[in-house]
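Residue strings, one per chain:
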Amino acid sequence: MPQIQYSEKYYDDTYEYRHVVLPPDVAKALPKNRLLAETEWRGLGVQQSRGWVHYAVHRPEPHIMLFRRPLNYQQNAAPTAAAASQQAIRA
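What you see is a predicted model; the values in this text were computed from it and never measured. (Residues numbered from 1 in each chain as written. Predicted model: local features only at pLDDT ≥ 70, side-chain atom pairs only at ≥ 80, totals over all residues. Heavy atoms only, no water.)

**A short note on the nonpolar core**
No. 1: Core analysis: the largest hydrophobic core is formed by 13 residues, its most contacted members being Val-20, Leu-22, Trp-41, Val-46, Met-65 and Phe-67.
No. 2: Those elements that provide at least two residues to this core are α1 (24–27) and β5 (64–70).
No. 3: In this view, Met-65 contacts Arg-18, His-19, Val-20, Leu-22, Leu-30, Leu-36, Trp-41, Val-46 and His-54; residues no more than four positions away in its chain are not counted. (Core = buried A, V, L, I, M, F, W, Y, C linked by side-chain atoms within 4.5 Å. Buried < 20%, exposed > 50% of the residue type's maximum accessible area, 1.4 Å probe, protein only. Helix = DSSP H or I, 4+ residues; strand = E, 2+ residues; numbered from the N terminus. Contact = heavy atoms within 4.5 Å.)

Following this line, the structure appears as structure tokens:
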């Protein structure tokens, strides 16, 4: 059974990108003509760290999902997560 394939990350000055290739049986479940929310693409079995957004549909190959997130997303999110952990410890 084919598996979901994940590209390496690639970058520009603003975002980091990756694409995800869905096997045919999973691709059949993709809605036509709209982007998926995080809960939807995770529901299809796509697994990746936080912050990724499905930002475009490549019409010639709709089974390839295009994702992006701001550069340094994990570095910027880390202080927030650390602060939340500290609050939980104090509670």
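This is not the end of the story, as more comes after the structure.
**Some thoughts on the pattern of salt bridges**
As a working rule, side chains carrying opposite charge can pair if their charged atoms are close by.
No. 1: Here the structure, examined in full by the defined rule, presents 5 salt bridges.
No. 2: When the shortest N-O distance is used, the salt bridge between Arg-34 and Glu-40 registers 2.6 Å.
No. 3: Taking relative accessible area as the criterion, Arg-34 reaches 39% and is therefore assigned partly exposed.
No. 4: For Arg-42, the salt bridge is made with Glu-38, and the minimal N-O distance between the two is 2.8 Å. Here the residue Arg-42 and the residue Glu-38 both occupy positions in helix α2 (residues 38–43), the gap between them amounting to 4 residues, near one helical turn.
No. 5: For Glu-38, a relative accessible area of 28% puts it in the partly exposed group.
No. 6: Salt bridges here are not isolated pairs; linked through shared partners, they connect Lys-9, Glu-16 and Arg-69. (Salt bridge = Lys/Arg side-chain N within 4 Å of Asp/Glu carboxyl O.)

**What about the side chain of His-54?**
No. 1: Mapped onto the elements, His-54 comes out in strand β4 (residues 53–57).
No. 2: At 2.8 Å, the side chain of His-54 and the backbone nitrogen of Leu-36 are in polar contact.
No. 3: Reaching out from His-54, the side chain makes a polar contact with the backbone oxygen of Ala-56 at a distance of 3.4 Å.
No. 4: Residues within four places of His-54 in sequence aside, it is in contact with Arg-34, Leu-35, Leu-36, Trp-41, Met-65, Leu-66 and Phe-67. (Polar contact = N/O pair within 3.5 Å; in protein donor to acceptor, adjacent residues only side chain to side chain.)

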